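Coordinate inspection notes
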Amino acid sequence: MRHLECFLAVGEERHFGRAAERLGMEQPPLSQRIRRLEKELGAELFDRGGGQVQLTPAGHVLMREAPELLRAHQRMRTLVRRAAETDPANPPRPWSSIY
């Protein structure tokens, strides 16, 4: 999920240096994360030519989808954490308020 957060920062900033600063990290590790994400997805997400960073068509698709994926991931983490805090003798049921 961190790769998606990095992608969104670069996509919003349209600049690796500013995105790295915003994320509190150095630019080379940020670039490496983006490259790994691109390799994993099998598509280039940014056109890095001409001194500007532009989204590719695949990057535009991910910019639309990534926020929802991150929200779903956060929701899952919250639900799992809540479930872990419940009494093992009384586990949550699908109809309970934990969901």
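Everything here concerns the structure above.
Right, let's walk through the structure included here. Computed from a predicted model, the values in this text were never measured in an experiment. (Residues numbered from 1 in each chain as written. Predicted model: local features only at pLDDT ≥ 70, side-chain atom pairs only at ≥ 80, totals over all residues. Heavy atoms only, no water.)

**With respect to a positive patch on the surface**
What counts, and what does not: The patches described consist of residues with a relative accessible area above 30% and no salt bridge, like charges being joined within 9 Å and nonpolar side chains (Val, Leu, Ile, Met, Phe, Trp, Tyr) within 5 Å. To be clear on the numbers: accessible area is Shrake-Rupley with a 1.4 Å probe, and residue cover counts the displayed protein chains and nothing else. The term salt bridge refers to a pairing of a side-chain nitrogen on Lys or Arg with a carboxyl oxygen on Asp or Glu at a separation within 4 Å. We score Asp and Glu as negative and Lys and Arg as positive, and we do not count His or the chain ends. By convention, the charge on Lys lies at NZ, on Arg at CZ, on Asp at CG and on Glu at CD. The helix count covers DSSP runs of H or I at least four residues long, the strand count covers runs of E at least two residues long, and both are numbered beginning at the N terminus.
The grouping of Arg75, Arg77, Arg81 and Arg82 at the surface amounts to a positive patch. You can see Arg77 is positioned in helix H4 (residues 57-84).

**Considerations on the packing of helix H1 (residues 2-13) against helix H2 (residues 16-23)**
For clarity, the cut-off: Orientation is described by lines fitted to C-alpha atoms, with helices fitted over the stretch in contact, and by angles between N-to-C directions that extend from 0 to 180 degrees. Angles are sorted into four bins: roughly parallel if under 35 degrees, roughly antiparallel if over 145, roughly perpendicular if 65 to 115, and oblique for all others. Rotating anticlockwise by less than a right angle from the far helix to the near helix defines a left-handed crossing, while the corresponding clockwise rotation defines a right-handed one. Pairs of residues are marked as contacts when any of their non-hydrogen atoms sit within 4.5 Å.
At their nearest, the axes of H1 and H2 sit 8 Å apart, and the two run at 130° to each other. The orientation of H1 with respect to H2, classified from their angle, is oblique. Pair H1 / H2 crosses with right-handed handedness. Within the contact between the two elements, H1 uses Arg2, Glu5, Cys6, Ala9, Val10, Glu12 and Glu13 and H2 uses Phe16, Arg18, Ala19, Arg22 and Leu23.

**Structural notes on the packing of aromatic side chains**
Test applied: Each Phe, Tyr or Trp ring (for Trp, its six-membered ring) is paired with any other whose centre lies within 6.5 Å, and the angle between the two planes then decides the class: stacked below 30 degrees, edge-to-face above 60, tilted in between. When a residue's accessible area, from a 1.4 Å probe over protein chains only, is under 20% of the maximum for its type it is buried; when over 50% it is exposed; and in between it is partly exposed.
Going through the model one piece at a time under the given rule, you end up with 2 aromatic pairs. For the pair Phe7 and Phe46, a centre-to-centre distance of 5.3 Å together with 40° between the ring planes defines the contact as tilted. Linking Phe7 in helix H1 with Phe46 in strand S1 (residues 46-47), this pair joins segments that are 39 residues apart in sequence. A relative accessible area of 0% places Phe7 in the buried class. Overall, the relative accessible area of 0% leaves Phe46 in the buried class. Taken together through their ring pairs, the aromatic side chains of Phe7, Phe16 and Phe46 make up a single cluster.

**Examining the nonpolar core**
The test is simple: Take the buried Ala, Val, Leu, Ile, Met, Phe, Trp, Tyr and Cys residues and link them wherever side-chain atoms come within 4.5 Å; each set so joined is a nonpolar core.
Counting residues in hydrophobic clusters, the biggest one holds 20 residues, and the most contacted among them are Phe7, Val10, Phe16, Leu30, Ile34, Phe46 and Leu62. Elements with a contribution of two residues or more to this core: H1, H2, helix H3 (27-41) and H4.

**Considerations on the environment of Gly51**
Inspection of the secondary structure puts Gly51 in the loop between S1 and strand S2 (54-55). Expressed as a C-alpha distance, the spacing of Gly51 and His15, which sit 36 residues apart in the sequence, is 9.4 Å.

**Quick look at the pattern of salt bridges**
Any two side chains of opposite charge can pair, given that their charged atoms come close. In the structure shown here, the tally under the stated rule is 7 salt bridges. The partner of Arg18 in a salt bridge is Glu13, with the nearest N and O atoms 3.6 Å apart. Across the salt bridge formed by Arg71 and Glu68, the nearest N and O atoms sit 3.0 Å from each other. Placement of both Arg71 and Glu68 in helix H4 is noted, with a separation of 3 residues, approximately one turn of the helix.

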